[in-house]
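Descriptive structure summary
This is what each chain is made of:
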Amino acid sequence: MPQSRPILTRALDFSKAHGLGVPILLAPMAGACPPSLSIAVGRAGGLGACGAVLMRPEDILAWASEVRAGGEGGFQINLWVPDPAPARNARAEDAVRSFLGRWGPEVAMDAGDVRLPDFATQCEALLEASPAAISSVMGLYPPAFVERMRARGIRWLATATTVTEARAAEDAGADAIVAQGMEAGGHRGAFDAARAEVDLVGLFALLPAVVDAVKVPVIAAGGIADPRGVAAALVLGASAVQIGTGFLRCPEANLPRTWADALARSLPEHTLVTRAFSGRAARSLATAYARAATGADAPPPAPYPVQRGLTRAMRDAATKAGDLEGMQAWAGQSAALASSRPAAEVVRELWEGALTVLA
Ligand SMILES: Cc1cc2nc3c(=O)[nH]c(=O)nc-3n(C[C@H](O)[C@H](O)[C@H](O)COP(=O)(O)O)c2cc1C
């Protein structure tokens, strides 16, 4: 996107091209994007989203039907591009298992034997669901799938956490790049799991660098949760913004109350990036477990998805008990800016407020 294009023209062109009323996208959030949230965002002119990594094909199709039945709004569906099969290390997993036993129920011997939904079958379900856009994270879709997406008129939004990843995504045919700054809540989209905690680029540096490096539109993600953030992202060259944590306190998100309330009182320095929940680096509230598991004397987490299986009993028990300290409570650094008003109001306030800032 040429720098010289006026800020609003760029954003409005993007909205028009994607059939949106406003250049605001709900971020795909696995486990935290029920149809109700996408319906509300879509009604306000934004783009809904489904984080489908853990969903079976039939659940993906049911999600899409429910959103379509709820309104006219478009949506994206998102998958993680799978990492190579994890290397297992029984002794290291034993150490994690006994550490976790101090934070929750005893961890079953087979807890790390996680079977993820089959990626190829999920991809077929995505094509069948035929959303406005399909997004990727942690890698790139295979060329044959990109061709099939394109043949159906589905756009590919590719998440990148570095300029190098953004260039690779554009070369592979992405229609837009989602530049994910390290402020972002949830999993980092780094293509190489080993770099996810090293290449921690903030959005203020990443966004203009990606805008300068690619010709396709760039969508800004990470730490945007109020009109100032939306306006700043557009000034730095974004064509649209993608917001996750900023929607988590809306009633339509149905987040566990403990987690939603904790977002409201979290300063930027109250989150951390850790592999301790899933084995893949993700930004979480700095809960007691997250802090302990990143301490020098804690055992290194197992790779994804083994660690996800090992921590499951603790996470489930903590969620059931409403105990924040052992919950998986993803949060971006701007968590405290998240509004608890209905999502449609949040979308309107973000956009009208951004227009006021830009004026
Ligand atoms: C609860 C939660 C779950 C997430 N799950 C996914 C996911 O499945 N796929 C993905 O690409 N990004 C996921 N993300 C990252 C978001 O798509 C987005 O990059 C991030 O929310 C933007 O930063 P923000 O939270 O500060 O708005 C998740 C984020 C959160 C908070």
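Refer to the structure above for everything that follows.
A short tour of the structure in this document, coming up. (Residues numbered from 1 in each chain as written. Predicted model: local features only at pLDDT ≥ 70, side-chain atom pairs only at ≥ 80, totals over all residues. Heavy atoms only, no water.)

This paragraph deals with the nonpolar core. Membership of the largest hydrophobic core comes to 102 residues, with the highest contact counts inside it found for Tyr141, Ile177, Leu207, Phe247 and Trp259. With seven residues, helix H13 (residues 343–358) is the single largest residue contributor to this core. Non-local contacts of Trp259, meaning those with residues more than four positions away in its chain, are made with Leu248, Leu285, Leu324, Met327, Gln328, Ala329 and Trp330. Of all hydrophobic cores here, the second largest spans 11 residues; its members include Leu157, Ala176, Ala221 and Ala240. (Core = buried A, V, L, I, M, F, W, Y, C linked by side-chain atoms within 4.5 Å. Buried < 20%, exposed > 50% of the residue type's maximum accessible area, 1.4 Å probe, protein only. Helix = DSSP H or I, 4+ residues; strand = E, 2+ residues; numbered from the N terminus. Contact = heavy atoms within 4.5 Å.)

Turning next to a nonpolar patch on the surface. There is a patch of nonpolar side chains on the surface, built from Leu8, Leu12 and Leu355 and spanning about 210 Å² of accessible area. Tracing the backbone shows Leu8 in helix H1 (residues 7–17). Leu8 gets classed as partly exposed once you look at its relative accessible area, which sits at 32%. (Patch = residues over 30% accessible without salt bridge, like charges linked within 9 Å, V, L, I, M, F, W, Y side chains within 5 Å. Areas by Shrake-Rupley, 256 points an atom, 1.4 Å probe, with all protein chains shown as cover. Salt bridge = Lys/Arg side-chain N within 4 Å of Asp/Glu carboxyl O.)

Our focus in this paragraph is the side chain of Ser38. You can see Ser38 is positioned in helix H2 (residues 35–43). Overall, Ser38 belongs to the buried group, its relative accessible area being 2%. Not counting chain neighbours up to four residues away, the residues in contact with Ser38 comprise Leu26, Gly48, Ala49, Trp63 and Val67.

Around the ligand there are 20 residues in total, and Pro28, Asn78, Gly223, Gly244 and Thr245 lie nearest to it. Ala30 is positioned such that a nitrogen or oxygen atom in its backbone is 3.0 Å from a nitrogen atom of the ligand. For the ligand, the accessible surface in isolation is 600 Å², of which the surrounding protein chains cover 97%. Partitioning the shell around the ligand into residue classes produces 11 nonpolar, nine polar and no charged. (Near = heavy atom within 4 Å. Polar contact = N/O pair within 3.5 Å; in protein donor to acceptor, adjacent residues only side chain to side chain. Nonpolar A, V, L, I, M, F, W, Y, C, P; charged D, E, K, R; others polar.)

A few words on the side chain of Gln242. Mapped onto the elements of the fold, Gln242 is located in strand E9 (residues 240–243). Within the structure, the side chain of Gln242 is placed 2.9 Å from the side chain of Gln76, a separation counted as a polar contact. Discounting chain neighbours no more than four positions away, the residues touching Gln242 are Leu25, Leu26, Ala27, Pro28, Gln76, Val178, Ile219, Ala220, Ala221 and Gly222.

Bringing the pairing of strand E3 (residues 75–80) into the picture now. Judged by how many residues are buried, E3 sits mostly within the fold: six of six residues are covered. Taking every second residue as pointing to the same face, both faces of E3 are buried, with Phe75, Ile77 and Leu79 on one and Gln76, Asn78 and Trp80 on the other. The sheet contact formed by strand E2 (residues 48–51) and E3 spans four bridges and is parallel. Its bridge partner being in E3, Gly48 is matched across the sheet by Phe75. Pairing of E3 with strand E4 (residues 133–137), which is carried by five bridges, proceeds in the parallel orientation. Paired with Asn78 across the strands is Ser135, a residue of E4. (Pairing = 2+ DSSP bridges.)

Burial within E4 is extensive, with five of its five residues counted as buried. Residue alternation in E4 divides its side chains into two sets, Ala133, Ser135 and Val137 and Ile134 and Ser136, and both sets are buried. With four bridges joining them, E4 and strand E5 (residues 155–160) adopt parallel strand pairing. Bridge pairing in E5 links Ala133 to Arg155.

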